[in-house]
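Residue strings, one per chain:
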Amino acid sequence: MSNKILVTEDLTVNFDGFKALNQLNFSINVGELRVIIGPNGAGKTTFLDVITGKVKPTEGRITFKQHSNLRQLSEHQIAQLGIGRKFQTPRVYLNLTVRENLQLSCHRPKTVFSALLSPPSKAARQTVQGLLETIGLVLSADKPAQFLSHGEKQWLEIGMLVAQSPDLLLVDEPVAGLTDEETFQTGELLLSLAQSHSIIVIEHDMEFVRQIASHVTVLHQGSVLCEGSMESIQADPRVVEVYLGQTPEVA
Amino acid sequence: MSSTKSQQPQSFAIEVALVLAIAFFLAFILPLLLSDFRLKLVGRFLALAIAALGIDLIWGYTGLLSLGQGIFFALGGYGFAMHLKLQLPEGELPEFFTLYGVKTLPWFWQPFHSFPFTLISIWLIPMIVAGLLGYLVFRNRIRGVYFSILTQAMLVVFFNFFNGQQKLINGTNGLKTDTDTLFGVVMGSDTAQKFFYVLTVLVLVGAYGLCRWLTQGRFGRLLIAIRDDESRVRFSGYNPTSFKTLVFAVSGALAGIAGALYTVQSGIVSPQYMEIALSIEMVIWVAVGGRGTLVGAILGALVVNLARSLLSEKFPEVWLFFQGALFLLVVTVLPQGLIGWLRKALDRVLRMWGYGPHATTYPSLEEDLEQQHEQQNLGH
Ligand SMILES: Nc1ncnc2c1ncn2[C@@H]1O[C@H](COP(=O)(O)OP(=O)(O)OP(=O)(O)O)[C@@H](O)[C@H]1O
Ligand SMILES: [Mg+2]
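Residues numbered from 1 in each chain as written. Chains lettered and ligands numbered in written order. Predicted model: local features only at pLDDT ≥ 70, side-chain atom pairs only at ≥ 80, totals over all residues. Heavy atoms only, no water.

Novice: I tried to follow the overall build of chain A on my own but got confused; where do I start?
Specialist: Looking only at helices and strands, chain A has 10 helices and nine strands in total. Computed over its C-alpha atoms, the radius of gyration of chain A comes to 18 Å, within 12% of the 18 Å expected for a compact globule of 251 residues. Referenced to the eigenvectors of the C-alpha coordinate spread, the extents of chain A come out at roughly 55 × 40 × 35 Å. For chain A, with 251 residues in total, the buried portion stands at 56%. A separation threshold of at least 6 residues defines the contact pool for chain A, and within that pool the share at least 24 residues apart is 65%. Summed over all atoms, the accessible surface of chain A reaches about 10500 Å², with 52% contributed by carbon and sulfur. Here chain A contributes 21 positively and 27 negatively charged side chains, and the mean placements of these two sets differ by 9 Å. (Helix = DSSP H or I, 4+ residues; strand = E, 2+ residues; numbered from the N terminus. Rg over C-alpha atoms; globule rule 2.2 N^0.38 Å. Buried < 20%, exposed > 50% of the residue type's maximum accessible area, 1.4 Å probe, protein only. Contact = heavy atoms within 4.5 Å. Areas by Shrake-Rupley, 256 points an atom, 1.4 Å probe, with all protein chains shown as cover. Lys, Arg positive; Asp, Glu negative; His and termini not counted. Charge placed at Lys NZ, Arg CZ, Asp CG, Glu CD.)

If you want it as structure tokens, here you go:
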């Protein structure tokens, strides 16, 4: 049990009678890279919303590290515990430069007074510089983020996520709208991050899933349909059925 | 990297020199050029510019449109006026009390006997009121239009309270300060007025410095981040409530100081300072000058008010139409206000002379329509 970083038990989210999550039981080990797939509307984004405190579960509970119930905490407290999130559409601060975007995520403690009074530490500056290199945006470092391409924004947001140095990274559709080349690079980036973080990736792109996944969870109608290696998932007739007509390449 | 580093102290020094030069001009040269009457007007407008700085912090940088700055402005004004009203021989009450048959000084007047208390209260009381109001509102995640409506509703509540309390605060008549004395000097005298004019310039410089300090660095970037995508800020581990509360409190404090300086230079404070129109006008000044730039807020307050006083001397009826038109013009044609327009013009001139635009100039949003479109359609 102690090597689980996140466990959810009987998690249910009820939107006025519609169960976006239905008795969801899920867990992920420390250091694991897990991919969650599932048809549109399966509840994948809602799952991340519940973990990060954006949506409160109707029932069930979430255990993160030694914190047995995230329910009472608000978003920023959960983030401070060490859960970072990348959104489905890239959300970066468009009027700040790339470097400033990273600095904001990097800095801690995240109180008013430290934001006012303490200058960025040398370590933080080095982290930011290192991240700029990792995400390949050194040359754009002092450009406002609004001038980045879509792919660069996706990467910047992944960089912001890492700058937070969370223990668990939640990454929602990181390659949506990227070229094949960029998709591949993103996969490599996530694989290298997986060496030092636990990561949950949500993705539709099966080619990409094959590249990064060893372990896949399939969500369907708010519950786990099945779990296992990519090969066993693809061979599972239930998966083929829920995806029929949606993502033919699974079959 | 290394070049920007060596340029930073240099540009900072240039800015300080520029601010001091302008302050020197305003404080010591301008009084030689203008009549006393005009100088007093300028002094009042400079006081209003302090309030505009506060609005720029809360609206321009943090994206919260407060329509209730009049509350804090008036609180500052009342604080100072009450102290002046109490400059009387032992045992006497300000004369309006006798009209209503009040025999003892209301309790909340008592501390205003003290000059140090008054000096602190003119910014601290508005700051506390704004901080409390802000905390309650922001904690409940009230944003956008609802915040604006709420601040305006509070303004109406305060207005009605002050307007109705003859026995406490002289109601609708307000407090007149021109004939009161402070340290033996009559407030309406040229000496006192000159003093307050110079003081206003100095306070404005201080307020500018404070806002500059707040908006540069990480705190300022966080304000912009909160303005652009508040919920994203939460997921980065920051609690926007504390940041917004602090900024709103500071903007309240600035409005309070502005109100006090405005009061002594107009000779009166009254519930009219809490009329809805004035608080909306304050927002217009910032919009006209260019929100999100501190210089823009100051410039807007000065330009609009100077235009008003010049125009309404000649054609009193036209002013309101003119103000409306000005606002429409800014919203439709100059979304970044006068400052944005000046910046662009300057860039163009520099380019014509063969200098490239400065690397540090902000890229103008509207030149890239596609990006702008994308930005607007970015859902939450
Ligand atoms: N706030 C809400 N109120 C009501 N229904 C909601 C709300 N948020 C999500 N839903 C519904 O919950 C279901 C799951 O949505 P969710 O966004 O989690 O799906 P998803 O698996 O991320 O899909 P996609 O692959 O398209 O991103 C959808 O049917 C959606 O309409
Ligand atoms: Mg989704």
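Now that the structure has been shown, we can carry on.
Novice: I would appreciate a short explanation of the sheet that holds strand 3 (residues 33-37) of chain A in the present structure.
Specialist: Paired through backbone hydrogen bonds, the strands of a sheet run either parallel or antiparallel to each other. Residue and element names in this part refer to chain A. Taken together, six strands build an open sheet; the order of strands is 5-6-7-3-8-9 and the sheet is mixed. Whereas interior strands pair on both sides, the edge strands pair on one side only; in this sheet they are strand 5 (83-86) and strand 9 (223-228). Each strand of the sheet is rotated relative to its neighbour by a mean of 20°, with strand direction disregarded. The pairing of strand 3 with strand 8 (residues 215-220) spans four bridges and is parallel. If you follow Ile36 over to strand 8, its bridge partner there is Thr217. Sitting on the sheet, helix 7 (residues 180-193) touches strand 3, strand 6 (168-172) and strand 7 (198-202), and the angle it makes with strand 7 is about 150°. (Pairing = 2+ DSSP bridges. Axes fitted to C-alpha atoms, helices over the stretch in contact; angles between N-to-C directions.)

Novice: Would you mind going over the site of ligand 1 with me for this structure?
Specialist: Residues and elements named next belong to chain A. Taken together, the neighbourhood of ligand 1 is formed by 13 residues, with Asn40, Lys44, Thr45, Thr46 and His204 sitting nearest. Thr45 is positioned with one of its side-chain polar atoms (N or O) 2.6 Å from an oxygen atom of ligand 1. Gln88 is positioned with one of its side-chain polar atoms (N or O) 3.0 Å from an oxygen atom of ligand 1. In the complex, the protein chains occlude 61% of the 630 Å² of accessible area that ligand 1 would expose alone. Sorting the residues of the shell around ligand 1 by element identifies strand 2 (18-29) and helix 1 (44-51) as the ones contributing at least two each. At three residues, the largest contribution of residues to the shell around ligand 1 is made by helix 1. Partitioning the shell around ligand 1 into residue classes produces four nonpolar, seven polar and two charged. (Near = heavy atom within 4 Å. Polar contact = N/O pair within 3.5 Å; in protein donor to acceptor, adjacent residues only side chain to side chain. Nonpolar A, V, L, I, M, F, W, Y, C, P; charged D, E, K, R; others polar.)

Novice: Can you walk me through the coordination of the magnesium ion (ligand 2) in this structure?
Specialist: Each pair of donors in an ideal four-coordinate tetrahedral metal site encloses 109.5 degrees, whereas pairs in an ideal six-coordinate octahedral site enclose 90 or 180 degrees. All names here are of chain A. Bound to the magnesium ion (ligand 2) on the protein side are Thr45 (OG1) and Gln88 (OE1), at distances that span 1.9 to 2.3 Å. Placement of Thr45 in helix 1 and of Gln88 in the loop between strand 5 and helix 3 (98-106) is noted, with a sequence separation of 43 residues between them. Exposure remark for Thr45: the relative accessible area of 27% places this residue in the partly exposed category. (Donors = N, O, S within 2.8 Å, 3.2 Å for Na, K, Ca; no water.)

Novice: Looking at this structure, how should I read the packing of helix 6 (residues 144-164) of chain B against helix 11 (residues 276-289) of chain B?
Specialist: All names here are of chain B. Running from amino to carboxyl end, helix 6 crosses helix 11 at an angle of 140°, the nearest separation of the two axes being 10 Å. When the axis of helix 6 is compared with that of helix 11, the two are oblique. Residue-level inspection shows Gln152, Leu155 and Val156 of helix 6 in contact with helix 11, the latter providing Ile276, Ser279 and Ile280. For the contact of helix 6 with helix 11, the class distribution of residues is four nonpolar, two polar and no charged. (Parallel < 35°, antiparallel > 145°, perpendicular 65-115°, else oblique.)

Novice: What am I meant to see in the domain arrangement of chain A here?
Specialist: The extent of an interface is frequently quoted as the accessible surface area lost upon association of the parts. Residue and element names in this part refer to chain A. What the domain assignment lists for chain A is domain 1 (1-82 + 166-251) and domain 2 (91-165). Computed from C-alpha atoms alone, the centre-to-centre distance between domain 1 and domain 2 is 25 Å. Facing 18 residues of domain 1, the contacting portion of domain 2 comprises 11 residues. Interface area, domain 1 with domain 2, both sides summed: about 1200 Å², of which 68% is carbon and sulfur. Between domain 1 and domain 2 we count zero salt bridges in total. Linking domain 1 to domain 2 there are three residue pairs in polar contact (both at pLDDT 80 or more). (Domains from an automatic or database assignment. Buried area = accessible area lost by both parts, 1.4 Å probe. Salt bridge = Lys/Arg side-chain N within 4 Å of Asp/Glu carboxyl O.)

Novice: I would appreciate a short explanation of the pairing of strand 1 (residues 4-15) of chain A in the present structure.
Specialist: In the case of a regular strand, side chains alternate between the two sheet surfaces. All names here are of chain A. Where strand 1 meets strand 2, eight bridges bridge the pair, whose relative direction is antiparallel. Directly across from Lys4, in strand 2, lies its bridge partner Asn29. Hairpin connection between strand 1 and strand 2: a loop of two residues separates the two successive antiparallel strands, and Asp16 in this loop has a positive phi of roughly 45°. Inspection of the sheet shows strand 1 paired to strand 4 (residues 59-64) by five bridges, in the antiparallel sense. Within strand 4, the position partnered with Val7 by the bridge is Thr63.

Novice: What is the right way to look at the environment of A:Asp10 in this model?
Specialist: Residues and elements named next belong to chain A. Secondary-structure assignment places Asp10 in strand 1. As for Asp10 and Thr97, which are separated by 87 residues in sequence, their C-alpha atoms are 42 Å apart. When near neighbours in sequence (up to four residues on either side) are disregarded, Asp10 contacts Gln23, Leu24, Asn25, Glu59 and Gly60.

Novice: Can you help me understand the packing of aromatic side chains in this one?
Specialist: Two aromatic rings, taken as a pair, are described by how far apart their centres are and by the angle between their planes. Residues and elements named next belong to chain B. Applying the stated criterion across every chain yields a total of 23 aromatic pairs over all chains. Seen in terms of ring centroids, Phe80 and Phe196 are 6.1 Å apart; in terms of plane orientation they differ by 75°. Their pairing is edge-to-face. You can see Phe80 sitting in helix 3 (residues 69-85) and its partner Phe196 sitting in helix 8 (residues 190-215), a full 116 residues away along the chain. The same class applies to Phe80 as to Phe196, namely buried. Their ring planes at 80° and their centres at 5.1 Å tell us that Phe115 and Phe183 sit as a pair that is edge-to-face. (Phe/Tyr/Trp six-rings, centres within 6.5 Å; stacked < 30°, edge-to-face > 60°.)

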